[in-house]
Amino acid sequence: MPKNSIIGFPRIGKQRELKFALEAFWTGKINKGELLKSAEELRLKRLKHQSSVDLVSVNDFSLYDTMLDMIVMLGAIPQRFADIKDDLTLYFAMARGDKTHTAMEMTKWFNTNYHYIVPELSKSTRFFLNPSKIVHEYKEAKTLGITPKINIIGLLTFLSLSKSVDESNPYEHFEKVLGIYEELLNTIAALDDEVFVQFDEPIVVMDLTEEQKTLLRLTYEKLSKISPKLKLIVQTYFDYVDKESIEILADTDIWGIGLDFVHGKENIENLKSINDKHLIAGVVDGRNIWISDIKSVAGFLEEITKTVSKERVIVSTSCSLLHVPYSLCYENKIDTDIKEWLSFSLEKLDEIVLITKLFNNQVLNNSEKFKIETNEKANISRKNSPKIHNSALSEKLKSFTNISRSLSFKERIKIQKKALNYQPLATTTIGSFPQTSELRNLRSAFKKGEISLELYEEGIKNLIKECIKIQETIGLDILVHGEFERNDMVEYFGEQLEGYAFTQNGWVQSYGSRCVKPPLLFGDITRINPMTLKWITYAQSLTDKVVKGMLTGPVTILNWSFVRNDIPREQTAKQLAFVLHNEIEDLQNAGIKIIQVDEAAFKEGYPLRESKKRNYETWAVESFKLATSGAKESVQIHTHMCYSNFNDIIKTIEAMDADVISIETARAGNKILKIFKETDYGQEIGPGIYDIHSPRIPSIEEMTVQIKALLEIFPKEKLWINPDCGLKTRKWEEVTPSLKNMVEAVKIIRSLK
Ligand code: GLN
Ligand code: ZN
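So, a few notes on the structure that sits alongside this text. None of these values were measured; they are calculated from a predicted model.

1. Description of the coordination of the zinc ion (ligand 2)
The textbook angles at a metal center are 109.5 degrees for a tetrahedron of four donors and 90 or 180 degrees for an octahedron of six. Coordination of the zinc ion (ligand 2) by the protein comes from His640 (NE2), Cys642 (SG) and Cys725 (SG), over a distance range of 2.0 to 2.2 Å. All donor residues of the zinc ion (ligand 2) come from one chain, and their arrangement in sequence is H-x1-C-x82-C. Here Cys642 is found in the loop between strand 20 (636–641) and helix 23 (650–655), whereas its partner Cys725 is found in the loop between strand 23 (720–721) and helix 26 (732–752), with 83 residues between them in sequence.

Here it is, written out as structure tokens:
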């Protein structure tokens, strides 16, 4: 019997080999055969890496995305791709689009930063089984003498994440899709005498509807009866499973239930309900990069055996390791003590093995004993390190409690309108301007030490100067400095803060070939020097127009970093708020009149469970307000958010009490804005009037129409006119004419009144 298991493993490769192979293929540098060869090499390597664990995942590898693989496996290819014959061309066209096909929609996988391809279903979707990838990867793993566990996205999760492109409902397809899953399991059962199959059902940690619960029951009642050779695991992660859903699963003939004890601690309360099932106990954090406390985890598992007998407990990760980097082995710049506190995927495998041995009272060899001792020491050093704990800061934060500005919005806005003297339909941008290759070269020359700090800063200043000039020529009302000093809106701030560390190779897949390298927030956060002051005041010195200062908000910095797990997230958010509070103070003292605090990732930090949302909203809003409450009443606070659907959180957004919010609406259409009118949203708002994610230059006419439509919803006094996000990914040839047209459209509208 297996004693441990891995829910999934990163597929991008130790050094992003998959990324480079994919991009070489897409640009025609390698052919299909070469791409498939590198993919195979990568798969074999990752299987070998995992061979110390009893159950090793197969079919969690993907050339782009495992949801997309499911679409292919189920034959659910949208009709609009029917003209493409070659399988790989079809696959990448669905993922990325091509000249004649728009890509399928992509969205965030639960509350992670991984994006999956959204299945498009309609009344005419025909399903047929295509098991070749699964069969191939199973056989491939067998040749290595490994016990493969086949990973498949569960039916309920698949349908729940699908969208309908007509008036049908994804659940209407239930019977048909279940039929395909049955057929698939019959195929799998023919592969071997015993096969483990893991159904990923993270949807079960959300608040399921009655309909979803019924489908959950029907699915696993049926699938668990197909063959005695199959050992089925229903794997959940990211939060806890309610008692009723556990009972539903426990009533079926599945072999095991996977529960996350790291992000769903409540799971401990319902353990009795799993009956005679095996428990895949997620005890090693698959979403964060800190070492486990091996002895205490083994102790926790021992606790579990009061309810579930030891033979039925399988030691595992809390979720797929897809969400953490591959290996620590390339990190040779990070402080050695900080490195001791870190554990990436390969290191987590080691932890799983050690925890399993300790838990099962197996004899440890010397090297294992040594590893456990080292782990214990590292945990102690982390608990006590002065690098992490700053008692002076804790003292200061005790009195950092003012979350309200001195005047209400209604009173502030009058003062601001006078001080800033802007007309209705004020035009502005979201902050960044094109990051050109010239800029990238400048940055990399500086990083490599090829040019001095002086030369680098002079280069940035020249870009700011140019950018201010262009904005003045275009005729924008409120200007920005362009954010040329930032490669990334979180990393830039992290680099200037005590308490942050950076990896060289800590890449995590975001989607397809795209990876992000989140900074590590390891300790108490303090600001060493002002972070943005010199750039913004320089920009302001060049013009009589108002220049808006740009900061990234506390919640976004938090949500886009790997954060500490030794204190609550809200405590870290408060530290970040303090840092930003001080920065805002410096900016306003230097005469900056508008400050934008971006909260691009505010929404993605929401917990999955309804019952936990309130708490998040409370501290997230509070940290934004702590950061901004020190602004003088005449200083206008803006915020920006990168999404459009505010229906469920409009009151929360209002409670943040920013004077102006700019949002991303251009792609979603105006319907979505009605909520601002219906709820009588108080503050001013800039709904992005064109889509910056596309290279297309919108015409004056089209933007005039859009502004008119917005005026149906908002009074002109409250309305700002801006693009829907930062312009850093665009080219100047696109940005300048687009903004000119935007300003022109505003002129036309203003002249009508
Ligand atoms: N101020 C940032 C920019 O303009 C905002 C980016 C974002 O919303 N993701 O790039
Ligand atoms: Zn944005």
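2. Re the site of ligand 1
All residues adjacent to ligand 1 are Ile430, Gly431, Ser432, Glu483, Met489, Asp598, Ala600, His640, Cys642, Cys725, Gly726 and Lys728. A distance of 2.8 Å is found between a nitrogen atom of ligand 1 and a side-chain nitrogen or oxygen belonging to Glu483. Burial of ligand 1 by the protein chains amounts to 93% of its free accessible area of 300 Å². Class assignment for the residues of the shell around ligand 1 results in five nonpolar, four polar and three charged.

3. A closer look at the sheet that holds strand 9 (residues 256–260)
Across the sheet, which stays open at both edges, the seven strands sit in the order 1-5-7-8-9-10-11 with parallel pairing between neighbours. Lying at the two open borders of the sheet, with one neighbouring strand each, are strand 1 (56–58) and strand 11 (313–317). In this sheet, neighbouring strand axes are inclined to one another by 30° on average, regardless of whether the strands run parallel or antiparallel. Where strand 1 and strand 5 (residues 148–153) come together, three bridges link them in parallel fashion. The residue bridging Ser57 from the neighbouring strand is Lys149, located in strand 5.

4. Side note on the sheet that holds strand 21 (residues 660–663)
On the basis of which strands lie adjacent, the open sheet formed by six strands has the order 13-18-19-20-21-22 and parallel pairing. Each edge of the sheet is formed by a strand with only one pairing partner; in this case those strands are strand 13 (478–480) and strand 22 (684–687). Strand after strand, the sheet turns through a mean of 30° between neighbouring axes, direction not considered. In this sheet, strand 20 lies alongside strand 19 (residues 594–598) in parallel orientation, the contact comprising five bridges. Counterpart to Gln596 in the pairing with strand 20 is His638.

5. Observations concerning the pattern of salt bridges
Pairs can form between side chains of opposite charge whenever their charged atoms are close. Considering all chains together, one arrives at 53 salt bridges under this definition. In this structure, Lys398 and Glu395 form a salt bridge, with 2.7 Å as the shortest nitrogen-oxygen distance. Separated by three residues within a single helix, Lys398 and Glu395 lie in helix 14 (residues 391–398), roughly one turn from each other. When its relative accessible area of 58% is taken as the criterion, Lys398 is described as exposed. Salt bridges sharing partners connect three or more residues here, namely Asp207, Lys213, Asp242, Glu244 and Arg609.

6. So, helix 5 (residues 132–142)
By the burial criterion, the buried members of helix 5 are Ile134, Val135, Glu137, Tyr138, Glu140 and Ala141. Residues of helix 5 that are buried make contact with helix 2 (32–49), strand 1, helix 3 (66–73), strand 5, helix 7 (174–189) and strand 7 (195–200).

7. Quick word on the nonpolar core
In this structure, Trp109, Ile152, Tyr181, Ile188 and Leu301 are the most contacted members of the largest nonpolar core, which totals 136 residues. With nine residues, the single largest contributor to this core is helix 7. When neighbours within four sequence positions are excluded, Ile152 is seen to be in contact with Asn59, Met70, Met73, Ile134, Tyr181, Leu184, Ile188, Val197, Gln198, Phe199 and Asp200. Residues Ile584, Ala600, Ile661 and Leu710 belong to the second largest nonpolar core, which totals 97 residues.

Scoring rules and cut-offs
For every chain, the first residue of the written sequence is number 1, and numbering continues from 1 along that sequence. Labels are handed out in written order, letters beginning with A for the chains and numbers beginning with 1 for the ligands. Totals for whole chains, interfaces and linings use every residue, but because this is a predicted model, local features are given only for residues with pLDDT of at least 70 and side-chain atom pairs only at 80 or more, for both listing and counting. Hydrogens and waters are ignored; side-chain quantities use all the structure's heavy atoms. Distances define the donors: N, O and S atoms within 2.8 Å of the metal qualify, as do those within 3.2 Å of Na, K or Ca. Water is excluded, so some sites may look unfinished. Numbered from the N terminus, helices here are DSSP runs of H or I no shorter than four residues, and strands are runs of E no shorter than two. Being near a molecule or strand, for a residue, means having at least one of its heavy atoms within 4 Å of it. Each polar contact in these results corresponds to two N or O atoms within 3.5 Å; when the atoms are within protein, one needs to be able to donate a hydrogen and the other to accept it, and residues that are neighboring in sequence are counted only if both atoms are side-chain atoms. In short, Shrake-Rupley with a 1.4 Å probe defines the accessible areas, and a residue's cover is counted only from the protein chains shown. Each residue is assigned to one class: nonpolar for Ala, Val, Leu, Ile, Met, Phe, Trp, Tyr, Cys and Pro, charged for Asp, Glu, Lys and Arg, and polar for all the others, Gly among them. In this scheme, strands are said to pair when DSSP sees at least two bridges between them. Every axis in this analysis is a line fitted to C-alpha atoms, fitted for helices over the stretch in contact. Angles between the N-to-C directions lie between 0 and 180 degrees. The working definition used for a salt bridge is a side-chain nitrogen of Lys or Arg within 4 Å of a carboxyl oxygen of Asp or Glu. Three exposure classes are used, based on accessible area relative to the maximum for each residue type with a 1.4 Å probe and protein chains only: buried under 20%, partly exposed in between, and exposed over 50%. Note on contacts: a residue pair is in contact if any heavy atoms of the two residues lie within 4.5 Å. Only buried residues count toward a nonpolar core. Its members are Ala, Val, Leu, Ile, Met, Phe, Trp, Tyr and Cys residues joined through side-chain atoms within 4.5 Å.

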